[in-house]
Amino acid sequence: MGLFSRKKTETTDAAPMGQATLSDGSHVTIAQSVDCLGDSCPRPQLMTKKAIGQVGSGDIIEIVLDNPSSVEALPPMCDELNAAHLETIREPRCWKVYIRKD
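All values reported here derive from a predicted model rather than from experimental measurement. All residue numbers here refer to positions counted from 1 along the written sequence of the relevant chain. It should be noted that, the model being predicted, local features are given only for residues of pLDDT at least 70 and side-chain atom pairs only at 80 or more, the latter also being counted only at that level, while totals for whole chains, interfaces and linings use all residues. Working from all heavy atoms in the structure, the side-chain values ignore hydrogens and water.

Thoughts on the overall build of the chain
The number of helices and strands found in the chain is 2 helices and 5 strands. Put simply, DSSP H or I for four residues or longer makes a helix, DSSP E for two residues or longer makes a strand, and each gets a number counted from the N terminus. Moving toward the C terminus, one meets the helices and strands of the chain in the order β-β-α-β-α-β-β. Throughout, exposure labels follow a simple rule: accessible area from a 1.4 Å probe, protein chains only, divided by the maximum for the residue type, with under 20% read as buried, over 50% as exposed, and the rest as partly exposed. The proportion of buried residues among the 102 residues of the chain is 38%. Sequence separation of 24 or more characterises 58% of the internal contacts of the chain that already satisfy a separation of 6 or more. Reported accessibility uses the Shrake-Rupley method at a 1.4 Å probe radius. Residues are deemed covered only where the shown protein chains occlude them. As presented, the chain carries roughly 6,000 Å² of accessible surface, and 50% of it is formed by carbon and sulfur atoms. Working rule for contacts: check all heavy atoms of both residues, and any pair within 4.5 Å makes them a contact.

Written out as structure tokens, the structure reads:
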């Protein structure tokens, strides 16, 4: 880590992180949340790949990003990770990407 890097905390517990509501009104339980705020490519993709490897089939991960190119790169990556992109939600200061491991 460099001088200006900050230590990231990742949750790897089996306990659910919480719930999110998708635009169709459905509720999903988040198995793991990945904080990629301030990170640029390829770090968000690598952290997403790691998180998908840590959860079980059918589990949902939430990736929180503020880098537009990373937001665009995650959905196409799902096919090679055996996962499905559920939705990307724009919030005032970030995007939240929801991915389900198949």
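Observations regarding the side chain of Asn67
Looking at the element boundaries, Asn67 is found in the loop between strand S3 (60-65) and helix H2 (68-77). Throughout this description, a polar contact denotes any pair of N or O atoms lying within 3.5 Å of each other; where both atoms belong to protein, one of them has to be capable of donating a hydrogen while the other can accept it, and for residues adjacent in sequence the pair is counted only when both atoms sit in side chains. Here Ser69 takes part through its side chain, which lies 2.7 Å from a polar atom of the side chain of Asn67. In this view, Asn67 contacts Asp39, Ser40, Cys41 and Trp95; residues no more than four positions away in its chain are not counted.

Remarks on the pattern of salt bridges
A pair is scored as a salt bridge if a Lys or Arg side-chain nitrogen falls within 4 Å of a carboxyl oxygen belonging to Asp or Glu. Evaluated as defined, the whole model comprises 3 salt bridges. Residue Asp39 pairs with Arg43 through a salt bridge whose shortest N-O separation is 3.3 Å. On the basis of relative accessibility, which here comes to 32%, the residue Arg43 falls in the partly exposed class. The partner of Glu91 in a salt bridge is Lys96, and the shortest N-O contact between them spans 3.8 Å. What makes Glu91 partly exposed here is its relative accessible area of 30%.

Things to note about helix H1 (residues 43-54)
Expected helix span is computed as 1.5 Å times (number of residues minus one). The end-to-end C-alpha separation of H1 is 17 Å, in line with the 16 Å expected for 12 residues at 1.5 Å each. Those residues of H1 that sit buried are Pro44, Gln45, Met47, Thr48, Ala51 and Ile52. Buried residues of H1, viewed axially, fall in a sector of 165°; they line one side. In H1, the exposed residues that point more than 90 degrees away from the buried face are Leu46, Lys49 and Gly53. Packed against the buried residues of H1 are strand S2 (27-36), S3, H2, strand S4 (83-90) and strand S5 (95-101). Arc, as used here, means the arc of the directions from the helix axis to the C-beta atoms.

By themselves, these figures tell us nothing about what the structure is for.
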